[in-house]
Amino acid sequence: MKSCIFCKMPESEIARRIYQDRVCNVILNRYPVEKGHILVISKKHYLDMLSTPDSVISHMFKVAKRFGKIDKRKMKSMGMDIGVNVGGAGSIRHFHIHILPRYSNRMLHFASVKTRRNEIRKDEVKELTRLLKL
Ligand SMILES: [Zn+2]
C-alpha cells in the first residue's frame, strides 16, 4: 500500500531494523514509550490482526517471543507488554506487534506521540541494535 509507512520502509525505518525474515521486520520504535520498545511488523500489508492470516500471526508472535526474551534479558526490565492495536486513533493501520519493556509500575502514555514521546536518538539506535540483534 503506497501511503503506508510500514509498506514503504524508508531508509529511516531500515536504519532501525534489528531483524528480518521472509514474513516480518523487527525494528526499534521511532518514538519509544520506554527504552527497548521494539516492533514486529509484517512485510505484507494487513490492516490489523483481525485481517491477518493465522500462519502470519503465529510466526510473528514466535518472533515477538524470541525478541521479548532478548529484550527482557538485555534491558534488565521488570517485565513487558506484548500487544497489538486494532484500529483506534494514532495507530498505524498495518499489522504490527509491540514489545514494550516495563521498568516500573507507572502508567505509560501511548497517545500524543509527538508531544509526549521523544524520537529515538542515533546513539540509542546504535546501542540497542548492538544489544538486541540476534
Ligand atoms: Zn502497510
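The coordinates are above.
Residues numbered from 1 in each chain as written. Predicted model: local features only at pLDDT ≥ 70, side-chain atom pairs only at ≥ 80, totals over all residues. Heavy atoms only, no water.

Trainee: Please give an account of the coordination of the zinc ion that cites residues and values.
Mentor: On the protein side, the zinc ion has Cys4 (SG), Cys7 (SG), His45 (ND1) and His94 (ND1) as donor atoms, found 2.0 to 2.3 Å from it. Considering all four donor atoms around the zinc ion, the spread of angles at the metal, 101 to 118°, places the coordination shape in the tetrahedral class. All donors of the zinc ion come from a single chain, and their spacing in sequence reads C-x2-C-x37-H-x48-H. Highlighted residues: cysteine 4 in the segment before helix H1 (5-8) and histidine 94 in the loop between strand S4 (79-83) and strand S5 (96-102), separated in sequence by 90 residues. Given the relative accessible area of 6%, cysteine 4 is considered buried. (Donors = N, O, S within 2.8 Å, 3.2 Å for Na, K, Ca; no water. Tetrahedral: all angles 85-135°; square planar, octahedral: opposite > 155°, others 65-115°. Helix = DSSP H or I, 4+ residues; strand = E, 2+ residues; numbered from the N terminus. Buried < 20%, exposed > 50% of the residue type's maximum accessible area, 1.4 Å probe, protein only.)

Trainee: Explain the pattern of salt bridges to me, using residue names and the numbers behind them.
Mentor: All told, the structure shown has six salt bridges when counted by the stated rule. Glutamate 119 serves as the salt-bridge partner of arginine 30, at 3.1 Å between the closest nitrogen and oxygen. With arginine 30 in the loop between strand S2 (24-28) and strand S3 (38-42) and glutamate 119 in the loop between helix H4 (113-116) and helix H5 (122-132), this residue pair connects regions lying 89 residues apart in the sequence. On the basis of relative accessibility, which here comes to 41%, the residue glutamate 119 falls in the partly exposed class. The salt bridge involving glutamate 127 is made with lysine 35; its shortest N-O contact spans 3.1 Å. Taken as a pair, glutamate 127 in helix H5 and lysine 35 in the loop between S2 and S3 lie far apart in primary sequence, 92 residues in all. You can call glutamate 127 partly exposed: its relative accessible area is 28%. Accessibility expressed as a relative area gives 35% for lysine 35, which makes it partly exposed. (Salt bridge = Lys/Arg side-chain N within 4 Å of Asp/Glu carboxyl O.)

Trainee: I'd like a description of the side chain of arginine 102, backed by residues and values.
Mentor: As for its placement among the helices and strands, arginine 102 is situated in strand S5. On the basis of relative accessible area, arginine 102 is assigned to the buried category, the value being 18%. Side-chain polar atoms of arginine 102 contact the side chain of aspartate 81, separated by 2.8 Å. (Polar contact = N/O pair within 3.5 Å; in protein donor to acceptor, adjacent residues only side chain to side chain.)

Trainee: Quick rundown of the packing of aromatic side chains? Include the residues and the values.
Mentor: Counted under the stated rule, the structure contains one aromatic pair. Between tyrosine 19 and phenylalanine 67, the aromatic rings sit 5.4 Å apart at their centres with planes inclined by 50°, giving tilted as the arrangement. Here tyrosine 19, found in strand S1 (residues 17-20), pairs with phenylalanine 67, found in helix H3 (residues 54-75); they are 48 residues apart in sequence, far enough to count as distant. Across the pair, exposure class does not vary: tyrosine 19 and phenylalanine 67 are buried alike. (Phe/Tyr/Trp six-rings, centres within 6.5 Å; stacked < 30°, edge-to-face > 60°.)

Trainee: Let's hear about the sheet that holds S3: which residues, and what values?
Mentor: What the five strands build is an open sheet, ordered S1-S2-S3-S5-S4; its pairing is antiparallel. Of all the strands in the sheet, just S1 and S4 have a single pairing partner and so form its edges. Averaged over all neighbouring strand pairs, the angle between strand axes comes to 15°, with direction disregarded. Inspection of the sheet shows S2 paired to S3 by five bridges, in the antiparallel sense. Across the sheet, the residue bridging to cysteine 24 is serine 42, located in S3. Of the strands in this sheet, S1, S2, S3, S4 and S5 touch H3, which is tilted by about 20° from S5. Each of S1, S2 and S3 touches H5; the most contacted strand, S2, lies at about 130° to it. (Pairing = 2+ DSSP bridges. Axes fitted to C-alpha atoms, helices over the stretch in contact; angles between N-to-C directions. Contact = heavy atoms within 4.5 Å.)

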